[in-house]
Amino acid sequence: MKTRRLLALIACLMCIFSYSTVFATIKKTEIGTRSGAIVSQSAFSTANTTYIINYDITLSGEVTVPSGCTLLFSGGSVSGGTLRLTDTEVCAPDYQIFKSVTIKGAFANPHISAHWWGAKGDGNTDDAKAINSALAVAGKSSVMMPRQSYLVNSPIKINRLYSKLECAGTIFTTSDISILELSSQYLDIKVRQLRYGKTNGVTTDRIGTGVSFRGNVFNSNISIDRVMNLQKGFDFTPDLADGRKLSGSQYNKVSWQYIDCRYCIFIDLWKDPSMVHKVWVNENQFFGGRMSGVYGVYVKENSVASPENTDYINGNVFNCIGFEGIVTPVSLFFSRNNRFNDCRMSEGISGDKWIILKDCGFCSFDIKSMFPYNRLSTTNCSQVVIENRIVDSGMGGGSGFNRLIANGNTVFAGTELPQCNMMKQLYYNSTTNQRISFNDLFVSTYDHQMVLSDMCKITVDKKMKLTIDLKDSIYKLHPRMTLVCSIFNGATIDIAIGNKVYATISQLGKYIITYDRDSTPIVVAM
C-alpha cells in the first residue's frame, strides 16, 4: 500500500502540474474515508477538482465526473455501478483501479494502462480479459502495457475505430488462438513480441497465430518487432462474421524485425466458397525484417478461385525482406500486381523452389542477392519479372543477365548477355551419343565477361547422335541464333527440351533456331 501511495503521489504531482497551466485554482477532494465506502453522485459534485481516491470504494448507481476533473488513485479503487467520464484525466500507478465497474464516456489521457483493469504481466495470469476491458473503453487513448510478459489464452479483440495498443513487453499464448484479432479501421498497434510458449527460443511447437486480419481492416499501422514460434505470423483470412457483407484488408502498413513461424504471412481468401467476390487483400505495404520458418509469404491454393477474382490479392508491396533459415520464401496463387522490393534470398534456404507462382500476373521481384533461375517455378503466369542478380546454374555468378520474365509456364531472360560477332566452333567425333546445352553453343567468355554469340559452327562425325538440350537455357533466342552444321557418316543432331525432341538435323547446312509464340523450339533451314 505504501508503494502504491508513493507512486500515486508522483502521478498526482504530474497531473496537478499539467492542469495548473489551465486552471488558476484546482480543488482537491478526498473520496471515501475507509475501504468499502459506498459513494454516490453527491461525492462528485464540483467541476475542476482533483478527486483523490485512497480507499476501495463502491459506486451507488451511475456517477458522472464533472468536467475539468482529475481522478487521482492513491492506493484505492472503484467497483460497482457505472462511472461516467467527461474527458476526465485519470492518474494512477500500474495496479487495478477499476473492479467490476462499468466505464462510460471519454478519458482525457493520451495513455491508459491495461493494469488498471487487472492485467498482471507476471507470465502466469491470463491477462486477456483485462486487456480487452481496457481496449473496449479506451476510445482514442492508447492502451499501454509496460515491459513485462503477458499470458493470453483467448484473443485480444481490437474491433473499435482508432484503437491504439502499445506493448513494450511480450504477449504470449499457450493455446491455439489468434493473439491479436483485428476487425476495424485506423488502428495503431505496436508490440515488442508475440510468441507461442512461455520461453524465448525457436521451438518445433508452432501453434496459434500472431495477428489475424479478420474483417475490414483499413488504414492501420501494425508494428510487431518479433513474431515467434507460431503457426501463422500475420494471417489475412477475412471472414463475414458480425454481419459483415464484405470483408478485406486494404491500405495497411505492416512491419516487423523478425518472424519465425510456419507461415510468416498467410493469405486465404477461399476458405468458404460462398465468400468468393466478397473478400480481398489489396494495396497493403509490408516492411521487413527477416523471415524464417517454413513459408515466407504464402497464399493458400484453392480450386474455388477463378480468373474473374484474381483482383482480390492485388497491389501489395513487400519491402526490404531478408529470407533466411526458411524452406520456401514466396508461394503465391491468383495474385496480381504485387511487388517485392529490395529483398534478399541468400542464406539457409532449403526448399527446391524459392519462388512458386501459380496463376499470377504482373508481379515483380527486385532481389539484391544471387538468385538461381532454376529456383523459380511458374504455372500459367503472365508478365512476372524477377530482376537484379540472376544466376544460371550452368554458368556461375558471372552470367551477365539480370532479368527473368515468365509468361505461361516458360521463363526467359529479359536482358540478354552482351552480343558479339565471334563464332564458336565445336567438333564431336565420338561413337558415343552426347548431350550439350544452349550455353555450350552460344555462350562464350570474351575479355573476361560472358558474351552471347549469334552463330556457332558444329561438326559431328562417326554416326553419333548429338542432342542439343534447351531445357537448361533461360534465353529466348532473339535475335535468332544460327547453327552451321557439318554432318558426316550418318550422324544426327536433335533439338530437344529434356526428353522431348522437336527437330532432327541430318544434313549439312545453316539452320536458324528460334521459338514460336507458344515457346516451342523451331529449326529452319537457311
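Please refer to the structure placed before this passage.
Parameters at a glance
- Residues numbered from 1 in each chain as written.
- Predicted model: local features only at pLDDT ≥ 70, side-chain atom pairs only at ≥ 80, totals over all residues.
- Heavy atoms only, no water.
- Helix = DSSP H or I, 4+ residues; strand = E, 2+ residues; numbered from the N terminus.
- Buried < 20%, exposed > 50% of the residue type's maximum accessible area, 1.4 Å probe, protein only.
- Contact = heavy atoms within 4.5 Å.
- Areas by Shrake-Rupley, 256 points an atom, 1.4 Å probe, with all protein chains shown as cover.
- Phe/Tyr/Trp six-rings, centres within 6.5 Å; stacked < 30°, edge-to-face > 60°.
- Lys NZ or Arg CZ within 6 Å of the ring centre and 35° of its normal.
- Pairing = 2+ DSSP bridges.
- Axes fitted to C-alpha atoms, helices over the stretch in contact; angles between N-to-C directions.
- Salt bridge = Lys/Arg side-chain N within 4 Å of Asp/Glu carboxyl O.
- Patch = residues over 30% accessible without salt bridge, like charges linked within 9 Å, V, L, I, M, F, W, Y side chains within 5 Å.
- Core = buried A, V, L, I, M, F, W, Y, C linked by side-chain atoms within 4.5 Å.

A.B. asks: Just to check I follow, could you spell out the overall build of the protein chain for this structure?
C.D. replies: When helices and strands are counted, the protein chain shows 3 helices and 48 strands. Classification of the 526 residues of the protein chain by burial places 52% in the buried group. If you take every contact in the protein chain between residues at least 6 apart in sequence, the share linking residues at least 24 apart comes to 57%. Approximately 22900 Å² of the protein chain is accessible, and the part contributed by carbon and sulfur atoms is 47%.

A.B. asks: Looking at this model, I keep getting lost on the packing of aromatic side chains. Mind explaining?
C.D. replies: Aromatic ring pairs are reported here in terms of the distance separating the ring centres and the angle at which the planes meet. Considering all chains together, one arrives at 20 aromatic pairs under this definition. Between the aromatic rings of F44 and Y51, the centroid separation amounts to 4.9 Å while the plane-to-plane angle is 50°, which identifies the pairing as tilted. Each member of the pair, F44 together with Y51, is buried. Between Y162 and Y186, the aromatic rings sit 5.3 Å apart at their centres with planes inclined by 15°, giving stacked as the arrangement. In this pair, Y162 is assigned in the loop between β15 (156-158) and β16 (164-173) and Y186 in the loop between β17 (178-182) and β18 (188-196), connecting sequence segments 24 residues apart. Connected via pairs of aromatic rings, a cluster forms that spans F213, F236, F286, F318, F340 and F365. Here the guanidinium or amino end of K232 rests over the ring plane of F266, the centre of that ring lying 4.2 Å away. Its end group placed over the ring of F287, K253 keeps NZ or CZ at 5.4 Å from the ring centre.

A.B. asks: Quick question: what am I supposed to make of the sheet that holds strand β20 (residues 217-218) here?
C.D. replies: Hydrogen bonds between backbone atoms are what pair the strands of a sheet, whose relative direction is either parallel or antiparallel. Reading across from one edge, β20-β22-β24-β27 is the order of the 4 strands in this open sheet, with parallel pairing throughout. The sheet terminates laterally at β20 and β27 (313-314), the two strands that pair on one side only. Here 2 bridges tie strand β24 (residues 279-282) to β27, and the two strands are oriented parallel to one another. By the bridge assignment, V281 is partnered in β27 with I313.

A.B. asks: How do you make sense of the sheet that holds strand β43 (residues 465-469) when you look at a structure like this?
C.D. replies: Read across the sheet, 4 strands follow the order β39-β43-β45-β46 without closing on themselves; strand pairing throughout is mixed. Each edge of the open sheet is held by one strand with a lone partner, namely β39 (434-437) and β46 (500-505). Between one strand and the next, the sheet's axes are offset by a mean angle of 25°, whatever the strand orientation. Both strand β45 (residues 492-497) and β46 contribute to a ladder of 5 bridges, which runs antiparallel. Residue pairing for β46: I493 is matched across the bridge by I505.

A.B. asks: How should I be thinking about unusual backbone geometry in this particular structure?
C.D. replies: It is generally the case that most residues other than glycine have a negative phi and that most peptide bonds are trans. Each neighbour pair has its own omega, and for G288 with G289 the value is -20°, a cis peptide bond. Among the structural elements, G289 can be located in the loop between β25 (285-287) and β26 (290-299). Even without being a glycine, Q383 presents a positive backbone phi close to 50°. Position of Q383 among the secondary structure elements: in strand β34 (residues 381-391).

A.B. asks: Would you take a moment to explain the pattern of salt bridges for this structure?
C.D. replies: For side chains of opposite charge, pairing can occur when their charged atoms come near one another. For the structure shown, the criterion picks out 12 salt bridges. D366 serves as the salt-bridge partner of K368, at 3.3 Å between the closest nitrogen and oxygen. On the basis of relative accessibility, which here comes to 18%, the residue D366 falls in the buried class. Residues R435 and D469 are paired through a salt bridge, measuring 3.0 Å at the closest nitrogen-oxygen approach. Here R435 is found in strand β39, whereas its partner D469 is found in strand β43, with 34 residues between them in sequence. The partly exposed category is assigned to R435, whose relative accessible area is 45%. Ionic contacts of the salt-bridge type, sharing partners, join the residues R214, K232, D235 and D239 into one network.

A.B. asks: Please clarify how a nonpolar patch on the surface should be interpreted in this entry.
C.D. replies: Taken together, the side chains of L161, Y162 and Y186 present a nonpolar region at the surface, about 290 Å² in accessible area. On the basis of relative accessibility, which here comes to 36%, the residue Y162 falls in the partly exposed class.

A.B. asks: How should I be thinking about the environment of V78 in this particular structure?
C.D. replies: Relative to the helices and strands, V78 resides in strand β7 (residues 77-79). By relative accessible area, which is 2% here, V78 ends up buried. The spacing of V78 and I57 is 21 residues in sequence and 5.2 Å in space, taken between C-alpha atoms. Apart from residues no more than four positions distant in its own chain, V78 is found in contact with I53, I57, L59, F73, I97, F98, K99 and V101.

A.B. asks: Where do I start with the nonpolar core in this structure?
C.D. replies: One broad rule of soluble globular proteins: the nonpolar side chains tend to lie buried together. Membership of the largest hydrophobic core comes to 104 residues, with the highest contact counts inside it found for F98, L180, F234 and F365. The element that contributes the greatest number of residues to this core is strand β23 (residues 253-267), accounting for 7 residues. Residue contacts for F234: discarding those within four places in its chain leaves V211, F213, I222, I224, V227, V254, S255, W256, I259, C264, I265 and F266. Counting 26 residues, the second largest nonpolar core, distinct from the first, contains C456, I468, L470 and I493.

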